[in-house]
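Observations on the model geometry
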Amino acid sequence: MKQHNYDVHFFGRLWTALSLLIICAVPAAVCAYLGVWPSGKLVAAGILKVGIIYIPIGIIEALTFGPILGPSSSYLAFITGNLTNLKIPCALNALESAGFESGSAEGEILSTLSVAVSTLVTTALLCAGVLLLVPLTPLLSSPVLAPAFANVIPALFGALGYTFISQNWKISVLPLVFVLVLYVSLPVNVAQTISGALIPVSVAVTVAGARFLYKRNLV
């Protein structure tokens, strides 16, 4: 088991570093080919605008999803992405169906398999979507299907919300009330502007509420 954990972390860190290198290499290759490079000030400003939201989210996701997925599944999920709306639900459904707990050896193996299968299926669907995008454009842009596409995001997050809330509804009461009151009281343009920054705040409120309930043996 010790050798297994060593191999998981060694290859996981290696492929994570290679993935980051490839992500950065693509725009660098385009800039080198065209002979146009952005100034360091513009790059820093762009990173700051995005990083102020996504760096805290990335840290929180690593701390939150790591215990659920396990080491090998975490590396695979974070490299391939799409954790919240795909990988985590797949892993949780697989664990629930098989009756294994998160953090166990069996649970780690099962979550790794579920994440791997979901990655392959997603890749295949994306390839099919790219190939069929032009032939299916008239159908996809049909007014008949417009209501369905308009409700994809609500349906997706509704299903995700049910998955997590059904596990322990008491923990979900405080964050739901907090977010609802916050968005009702704030102007629409302000709520939309700060929505990303409110994610870590909502996580902190959720953790505080869960700890309060745990200390009083209510969950």
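Let us look at the structure shown here. Note on numbering: residues in each chain are counted from 1, in written sequence order. Side-chain atom pairs in this predicted model are given and counted only at pLDDT of 80 or more, local residue features only at pLDDT of at least 70, and totals for whole chains, interfaces and linings cover all residues. The side-chain values count all of the structure's non-hydrogen atoms but skip hydrogen atoms and water molecules.

**Describing the state of the cysteines**
Put simply, a disulfide is two cysteine sulfurs that come within 2.5 Å. Summed over all chains, the structure comprises 0 disulfides. Not engaged in a disulfide, the cysteine Cys31 finds its nearest cysteine sulfur in Cys24; these two sulfurs lie 12 Å apart. Cys31 gets classed as buried once you look at its relative accessible area, which sits at 18%. For every residue, the accessible area obtained with a 1.4 Å probe (protein chains only) is divided by the maximum for its type, and the residue is called buried under 20%, exposed over 50%, and partly exposed between those limits.

**Describing the nonpolar core**
Ranked by size, the top nonpolar core spans 9 residues in total: Phe65, Ile68, Leu69, Ala77, Leu83, Ile88, Ala91, Leu92 and Val115. Contributions of two or more residues to this core are made by helix 2 (40–69) and helix 4 (83–98). Counting residues per element, this core draws most heavily on helix 4, which supplies 4 residues. Setting aside its immediate chain neighbours within four residues, Ala91 contacts Leu69, Ser111 and Ser114. Buried Ala, Val, Leu, Ile, Met, Phe, Trp, Tyr and Cys residues that are joined via side-chain atoms within 4.5 Å together make up what is termed a nonpolar core. Helix and strand assignments come from DSSP, with helices taken as H or I runs of at least 4 residues and strands as E runs of at least 2, each series counted from the N terminus. We call two residues in contact whenever any of their non-hydrogen atoms come within 4.5 Å of each other.

**Comments concerning the layout of surface pockets**
Space inside and on the surface of the protein is sampled on a 1 Å grid over the protein atoms alone, with a cavity defined as a set of points where a 1.4 Å probe fits but cannot get out and a pocket as an open set with protein on both sides within 12 Å along at least 5 of 7 lines; lining residues have an atom within 4 Å of a point. Grid points are joined across faces, edges and corners, and a volume is the space filled by probe spheres set on the points. Its boundaries defined by the atoms lining it, the largest pocket holds a volume of some 1,800 Å³. Taken together, 35 residues make up the lining of the largest pocket; nearest its centre are Thr64, Thr84, Phe164, Val203 and Thr206. At the level of secondary structure, the elements contributing two or more residues to the lining of the largest pocket comprise helix 2, helix 4, helix 7 (152–165), helix 8 (169–185) and helix 10 (198–215). Lys, Arg, Asp and Glu make up the charged group, whereas Ala, Val, Leu, Ile, Met, Phe, Trp, Tyr, Cys and Pro make up the nonpolar group; the residues left over, Gly among them, are polar. Broken down by class, the residue content of the lining of the largest pocket amounts to 23 nonpolar, 11 polar and 1 charged. As for the second largest pocket, its lining consists of 13 residues, of which Thr16, Ser74, Tyr75, Phe78 and Ile79 are closest to the centre. When residues of the lining of the second largest pocket are traced back to their parent elements, those giving at least two are helix 1 (2–34), helix 2 and helix 3 (71–80). Here the residues of the lining of the second largest pocket are counted per class, giving 7 nonpolar, 6 polar and no charged.

**As for helix 4**
Inspection of helix 4 places Leu83, Lys87, Ile88, Pro89, Ala91, Leu92, Ala94 and Leu95 among the buried residues, and these make up the whole buried set. Looking at the buried side of helix 4, the elements it contacts are helix 2, helix 3, helix 5 (105–140) and helix 7. After helix 4 finishes, the residue Gly99 shows a positive phi value of roughly 80°.

**Some remarks on helix 5**
Over its 36 residues, helix 5 extends only 44 Å from the first C-alpha to the last, a length that falls short of the 52 Å expected when each residue adds 1.5 Å. At Leu133, helix 5 is bent by approximately 70°, the largest bend along its length, and proline Pro135 sits one to four residues beyond. Buried residues of helix 5: Gly107, Glu108, Ser111, Thr112, Ser114, Val115, Ser118 and Thr119, and no others. Looking at the buried positions of helix 5, the neighbouring elements they touch are helix 1, helix 2, helix 3 and helix 4. The span expected for a helix works out to 1.5 Å for each residue beyond the first. Here the bend at a residue means the angle between the axes of two seven-residue stretches, the one that ends at it and the one that starts at it.

**Digging into the packing of aromatic side chains**
Centre distance within 6.5 Å is the pairing criterion for rings of Phe, Tyr and Trp, where only the six-membered ring of Trp is used; planes under 30 degrees apart are then read as stacked, over 60 as edge-to-face, and the remainder as tilted. One pass over the structure, following the stated rule, counts 2 aromatic pairs. On the numbers, 6.2 Å between centres and 15° between planes, the contact of Tyr6 with Phe10 is stacked. Linking Tyr6 with Phe10, this pair stays in helix 1, spanning 4 residues, or about one helical turn. Given a relative accessible area of 52%, Tyr6 falls into the exposed group. Between Phe10 and Phe11 the ring centres are 5.1 Å apart and the planes differ by 85°, which places this aromatic pair in the edge-to-face class. Counting every residue linked through ring pairs, the aromatic cluster contains Tyr6, Phe10 and Phe11.

Purely spatial values, then, with no claim about function.
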